[in-house]
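Here's the letter readout for the chains.
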Amino acid sequence: LARISLANPAFLQNKLSITLQAGTFGHSQLVDLFVKRFQAAGNGAHGLLFESLWGMLLLSFYPPSHTMTLTNSVLEKANEIFGAFVYLLKNVNRDGSNLLSYEVECDDDEEKIDRDTCAYDVLLQEQAACDKLHSSNFRHQLTEKLNGLGAALGNDDYGRFLSTLDSTTLQQLQEMLAN
């Protein structure tokens, strides 16, 4: 869902809100879901990959974006989301080299592929190169989004927004983006 949404930002906007027996799943619930997914993703070899994916998706929801209906939800969760951004800036190498790609393998000894894997390896490399997660620079996107956020909200509202953020998180974010 996150990869589809990064490739086509209007995808989620067109699907929400969804009425369920237990209530409605809308924009606020979507943002809550991805904030929780980010917080739980850090386990295992691919934890940073998942955190980066959900971090990029949350970043894409901030204005200016194609999903303006998510603006209030991401602004309300800004402390948690910006804390996640600081975490990513601290832990993901600038070139993304520590984001482990998936390796598809057989889990049955009888089905080992031991020849002609070159074409398969090339296909995986091509797909990874097309993946926004591997082909985008999170630090650069975050800087652009923060600049665009100021323009989209206006100076007064942007100042008020920044004042709602935890001062330590904001300071760390500014320091990390300055480096």
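Residues numbered from 1 in each chain as written. Predicted model: local features only at pLDDT ≥ 70, side-chain atom pairs only at ≥ 80, totals over all residues. Heavy atoms only, no water.

## Thoughts on the overall build of the protein chain
In terms of helices and strands, the protein chain carries 11 helices and two strands. Counting over 179 residues, the protein chain shows a buried share of 35%. At a minimum sequence separation of 6, the contacts of the protein chain that also span at least 24 residues come to 71%. Summed over its atoms, the accessible surface of the protein chain is roughly 10900 Å², and 50% of this surface lies on carbon and sulfur atoms. (Helix = DSSP H or I, 4+ residues; strand = E, 2+ residues; numbered from the N terminus. Buried < 20%, exposed > 50% of the residue type's maximum accessible area, 1.4 Å probe, protein only. Contact = heavy atoms within 4.5 Å. Areas by Shrake-Rupley, 256 points an atom, 1.4 Å probe, with all protein chains shown as cover.)

## A short note on the packing of aromatic side chains
Where two aromatic rings form a pair, the distance of their centres and the angle of their planes describe that pair. Inspection of every chain in the model, using the stated rule, returns four aromatic pairs. Consider the rings of Phe50 and Trp54, whose centres lie 5.3 Å apart with planes at 15 degrees: the pair is stacked. Residue Phe50 and its partner Trp54 are both found in helix H4 (residues 47-61); the two are separated by four residues, about one turn of the helix. Residue classification places Phe50 among the partly exposed residues on the basis of a relative accessible area of 26%. Its relative accessible area of 8% is what places Trp54 among the buried residues. (Phe/Tyr/Trp six-rings, centres within 6.5 Å; stacked < 30°, edge-to-face > 60°.)

## Details of the pattern of salt bridges
Counting across every chain of the model gives three salt bridges. Glu80 is the partner of Lys77 in a salt bridge, and the nearest nitrogen-oxygen pair spans 3.5 Å. Note that Asp157 and Arg160 form a salt bridge whose closest N and O atoms lie 2.3 Å from each other. Remark: Arg160 and Asp157 occur in helix H10 (residues 155-164); sequence separation between them is three residues, near one turn of the helix. A single network of salt bridges, built from pairs that share partners, joins Asp32, Lys77 and Glu80. (Salt bridge = Lys/Arg side-chain N within 4 Å of Asp/Glu carboxyl O.)

## Things to note about helix H6 (residues 78-91)
Between its terminal C-alpha atoms H6 stretches 20 Å, which fits the 20 Å expected from 14 residues at 1.5 Å a residue. For H6, every residue scored as buried is listed here: Ala78, Ile81, Phe82, Ala84, Phe85, Val86, Leu88 and Leu89. (Expected span 1.5 Å × (residues − 1).)

## Some details on the confidence of the model for the protein chain
Residues of the protein chain with pLDDT of at least 70 account for 80%, and the chain-wide mean is 78. Mean pLDDT per element in the protein chain: helix H8 (residues 132-135) is the minimum at 68, and helix H11 (residues 167-178) is the maximum at 92. (pLDDT = per-residue confidence, 0-100.)

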